[in-house]
Every structure is written in C-alpha cells, then in structure tokens.
Amino acid sequence: MPADANELIRRPGHELAAGLRAGAFSSVELAEAHLAAAERDNHGLHAWLTIEGARARAAATAADSRLAQARHEGPAALAALPPLLGLPVALKDLVSVEGGQCTAGSRILEGYTAPYDAHITERLRAAGAVILGKTNMDEFAMGSSTEHSAYGPTSNPWDLERVPGGSSGGSAAAVAAFHAPFGIGTDTGGSIRQPAAMCGIVGMKPTYGRVSRYGIVAFASSLDQIGPFARDSRDAAALLHAVAGRDERDSTSAPVPVPDALLALATSDDAAAGALRGKRLGLPREYFVAGMEPGVEARVREAVAALEAAGATVDEVSLPHTEYGLATYYIVAPAEASANLARYDGIRYGRGRRDGDTLANELATRGEGFGAEVKRRIMLGTYALSAGYYDAYYLKAQKVRTLIKADFDQLWAQGFDALVAPTSPTVAFRFGARLADPVSMYLSDACTLPVNMAGLPGVSIPCGLSDGLPVGLQLIGAPWSETGLLELARGYEAITAGAPWRGLDPAQLTLAGDPTQPTPAERAAALAGAA
C-alpha cells in the first residue's frame, strides 16, 4: 500500500469527511485504501467474513457524484451533506443487507441471503456511507471472545495470539486495524463495550430502544442493542446519529428524538476539557470485581484521577444488586435465546436436512447447524422456562432485574451525571484460555451486563495500556444521555491527548499482513496443543 494511503486510513472519520468535501481525495480512493488494508490483513486477523469490494466501489462512486454536485452548488450544499457521506463502515454479520450474506456467525445460516435491508442499513445507505462487508462474530452473538464463531476465531491486532473480545470482535478488530473508521456491533451483555476495551477503541451501547433492531438477527430481544465502534468519540457520535431513531417496524424502537448535539461535540481540546468542570461522577465499588487484573485497576483509577484533576467530582457509590447481575443475566438471556432460536428449523430458511421425516430433519438441522455454546444456552433457557421452573428462575430473575435498574435510578435521582467504571476486569486473553470453563468466560462481562439489564447507555473509551494491551474505561449514563456520555468521553480524550499511548498502532498489526504467518485458527490450535 502506498505511504499516502497508509496515512489516509489512520485519520479519524471527521477528518476524512472534511477531506472529501475539500476534494483532497475521493470516496473511491478512500474505499480502495481501506479495502486493500482489509484484504491484506484478513489472513492474520480474520476480522471479515466477507469483503464486498464491488458493492463498496459502487457506493463510493455514488458518493463522489453527490460530493461533486455539492461542491458545484457551493458551501451551503456541502454543509448540508450527511456527515458519513463517502466514509467506509464495517457491519457485524447479523445485520441484514439485501442480497448479501447474513450468517450471524453460524453454520445454520450458511448460504442464507438477506431479502431486505435492516433499518440501520437503510439509514447508512441514505447517509451515503460505504459498506465494506460483514465482520466475524461469536455465533448468534453468544460469547465474549469471538472464539465461538463457526467460521473460526478473530485475532486481536495488539497480540495475534489473543482474542479481540466478543461477540462483536470482528468489527472491533477491523476498526482497530484501520480497515474502516466506523463499525457496527450489537451489545447484549457487553458485546460492543468489551471488545472496544480489548482492542483500544471507542464502543457505545445506546439506551435500549434508541436504535431499531429491525433486520438484526436476534439473540435476547429485551437486551440486544445496536451501537457504534470508532477510534474517537466524535466519530462514534456521528455514526450513532446516523443510525438512531424511531422505526415503526420495531415495537421496541422508542419515539425519542435523536439529538443533533451528537454532531456538535467540541472540536478543540480546551473546550472539551473545560466541559468536565463541575461534572458529578460516581465510582461504583462493586465494579472492581474479584479477579480484576492489577494493571487494569491501576489504569482505571489513573483515568478517574485525571477526570478529578480536570474539575470533575468523583464520589464512591454503591450498586448493591450488582452481585446478582451475572446470575440474572444468564437466566434472562438464554431464556430469550431459547425462544428466538426456535425459528431455525431447517424448513423456512437457512441450512436444512431433507432426507428424513420432519422431526428427524429438524433435529439433525439444529444438531449440525448450532455450535456448542449456542446449544448450551438454548438448553439453559429451555430449562428456565419449563413447567415447574419458570417461577423459580425466570420470574425471579426478572424481579432482580428490576432491583438492578432501581439501584441506577437512585443514583440518577441524586444528581450524578454519569458513572465511571472498568469495562473489562482483564485485558485481552489468549486463545483457548477460557473455553474449557464457560463460567470464567461469562465473568468477562461482569462489568458490562448490568447496563443491559437496566436498559442504559454505556460507552467504553481507551484509558491506557497494561502489559502492552489496551484497557477500557466505561462511562454509564441515565436513559437517553448518549450525548452527555460522549461529551465526557471527548473531554477525557482532550485531557489525555498528550499521553504516550495515544496514537500508537496495534503492536502486531504489521504481522497480520504477512501471508507466511499463521491464521487465527492455526494460532488457536497451536495454543490448544501446547496446553
């Protein structure tokens, strides 16, 4: 890749948007640079399940036409263009794109072609974004490492022997590796924020109902939410603004206006840092969980100290029902998954057996098509919903969920602007380190899943390195407070702009593009053999 293209893909999205409007480069040139990076590195990262070069080039050509027309019409026309016009985006492979694959990381949807666009796909097309392809993920979004993808794991560009987090690990790795300035993920229990932390980028889970789930393959319907990945808060805000909003096809989509303030985050570091003065932040003691790595805790507490030094007030607070969050989540989420995944019977769409009677075909289809983790959660959920156990497990879990939400509500009533906490108790772990013990894998989400249980917005932002690997700081807000959270994130970016870890490329990104290096699947197998 030419040096200028290598430099181009490292710019944040808002700088690329300005360059497109100024005519410094074209959307086609931008798409080609990102496509080349994605194709070069995918051998070593396996971030992408499909790269749609022809579609991306066509979308970029259309964007260039819109840009040329606006430049001809003058400054007002340029200013009216959508912020994402001509900019590349990576989609998690559970987002429907008409005529494209949508596997949800599962063999049971291998060969399935989506017949329509998801709501967010429609929004991205209307904004003129350039969709580069579909990224790898844990099967049906069930996992915290992207090791549960039926198509093989994804590597973390900071260390190719480590996971990128999950379930949206492909999108997180693609954005961290400069394959796209923007990515889309879904967050059911932390599946945007946790991989964002492990890959050193920004990832936001919006308020439940902020973004329509129409056209998204479902895992747990009362928990799933679509959100943005980016390399800074301004880009995350622009992508959220583009995809959020009411959709009549989704009954859980809230009729709440999307604030244009998302597009007006401070551009100067001084203004962004100044906005931190007077903010009241809570530090939940329960989020510093047993087993948290010392380096992670140290970076998070340093970030909290930096926020205090910038004028924010930080008080230790308690969310007493947090300790029940993990158990509650792993009753509610599998129960909803059990119901949602009943539709995969091999008759209506996707993979199917046709050589036996109806019941035998369905059993064979599900047995062959679903992976071990999906089967485990279906069994858990079916058990929790079964006669005699519904009241003891599922109904009780929903009552505890109400208590978890009430803990947060009490803090908002006391005037806190946001909560600050770790995103993940550990940095990225090695392939295979937690596969033999599902409970240890589930603990990866201990700091993130209460936010889903309460339907709140949360964002993870990079706050330094521990042993050379990224650490994430989580900001949690009241419902519909995405703008305020991203303003806090922007402020933290401003006060740490000179930090030595800022601007570092992922440490092993250059190895990812070396075709002589092992693939992620080969690395995982070698580590398993060594163990």
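1. Some thoughts on the packing of aromatic side chains
Here a ring pair, both rings aromatic, is described through the centre-centre distance and the interplanar angle of the planes.
Here's step 1: Counted under the stated rule, the structure contains 10 aromatic pairs.
Here's step 2: An aromatic cluster of at least three residues, connected via ring pairs, comprises Phe-140, Tyr-344 and Phe-370.
Here's step 3: Its guanidinium or amino end placed over the ring of Phe-288, Arg-301 lies 4.0 Å from that ring's centre, counting from NZ or CZ.
Here's step 4: Directly above the ring of Phe-429 sits Arg-434, whose terminal nitrogen or CZ lies 4.0 Å from the centroid.

2. Section: the layout of surface pockets
Here's step 1: Put simply, the largest pocket is a space of about 690 Å³.
Here's step 2: Elements supplying a minimum of two residues to the lining of the largest pocket: α2 (13-22), β10 (458-466) and α18 (482-495).
Here's step 3: Taken together, the residues of the lining of the largest pocket sort by class into 14 nonpolar, five polar and 11 charged.

3. Brief notes about the state of the cysteines
A disulfide bridge is the covalent bond that connects two cysteines by way of their sulfur atoms.
Here's step 1: Following the criterion strictly, the structure yields zero disulfides and no others.
Here's step 2: With no disulfide of its own, Cys-199 lies 15 Å from the sulfur of Cys-463, the closest cysteine sulfur.
Here's step 3: For Cys-199, a relative accessible area of 1% translates into the label buried.

4. Some thoughts on the sheet that holds strand β3 (residues 130-135)
Here's step 1: Judged by pairing direction, the sheet is mixed, and its 11 strands sit side by side in the order β1-β3-β2-β4-β6-β5-β10-β11-β9-β7-β8 without closing on themselves. The open sheet has two free edges, formed respectively by β1 (48-51) and β8 (313-317), since each of these has just one partner strand. Along the sheet, successive strands turn relative to each other by an average axial angle of 30 degrees, direction set aside.
Here's step 2: Each of β1 and β3 touches helix α4 (residues 53-73); the most contacted strand, β3, lies at about 155 degrees to it.

5. Concerning a nonpolar patch on the surface
Here's step 1: A grouping of Tyr-383, Tyr-389 and Tyr-393 is seen on the molecular surface, where their side chains present a nonpolar patch of about 280 Å² in accessible area.
Here's step 2: Mapped onto the elements of the fold, Tyr-383 is located in helix α14 (residues 372-385).
Here's step 3: Residue Tyr-383 is classed as partly exposed on the basis of its relative accessible area, which comes to 41%.

6. Re the packing of helix α12 (residues 325-340) against α14
Here's step 1: Running from N to C, α12 and α14 cross one another at 100 degrees; their axes reach a closest spacing of 7 Å. Relative to α14, the element α12 lies roughly perpendicular. Contacts from Tyr-330, Ile-331, Pro-334, Ala-335 and Ser-338 in α12 reach Arg-377, Ile-378, Leu-380, Gly-381, Thr-382, Ala-384 and Leu-385 in α14.
Here's step 2: Each residue belonging to the contact of α12 with α14 can be placed in one class, and the counts come to eight nonpolar, three polar and one charged.

7. Digging into the pairing of strand β6 (residues 226-230)
Here's step 1: Of all five residues in β6, five are buried, a share of seventy percent or more.
Here's step 2: Of the pairings in the sheet, the one linking strand β4 (residues 182-186) to β6 comprises five bridges and is antiparallel in character. Across the sheet, residue Gly-185 finds its bridge partner in β6, namely Gly-227.

The rules we used
- Residues numbered from 1 in each chain as written.
- Predicted model: local features only at pLDDT ≥ 70, side-chain atom pairs only at ≥ 80, totals over all residues.
- Heavy atoms only, no water.
- Phe/Tyr/Trp six-rings, centres within 6.5 Å; stacked < 30°, edge-to-face > 60°.
- Lys NZ or Arg CZ within 6 Å of the ring centre and 35° of its normal.
- 1 Å grid on protein atoms, 1.4 Å probe; cavity = no way out; pocket = protein on both sides within 12 Å on 5 of 7 lines; lining within 4 Å.
- Points joined across faces, edges and corners; volume = space filled by probe spheres on them.
- Helix = DSSP H or I, 4+ residues; strand = E, 2+ residues; numbered from the N terminus.
- Nonpolar A, V, L, I, M, F, W, Y, C, P; charged D, E, K, R; others polar.
- Disulfide = S-S within 2.5 Å.
- Buried < 20%, exposed > 50% of the residue type's maximum accessible area, 1.4 Å probe, protein only.
- Pairing = 2+ DSSP bridges.
- Axes fitted to C-alpha atoms, helices over the stretch in contact; angles between N-to-C directions.
- Contact = heavy atoms within 4.5 Å.
- Patch = residues over 30% accessible without salt bridge, like charges linked within 9 Å, V, L, I, M, F, W, Y side chains within 5 Å.
- Areas by Shrake-Rupley, 256 points an atom, 1.4 Å probe, with all protein chains shown as cover.
- Salt bridge = Lys/Arg side-chain N within 4 Å of Asp/Glu carboxyl O.
- Parallel < 35°, antiparallel > 145°, perpendicular 65-115°, else oblique.

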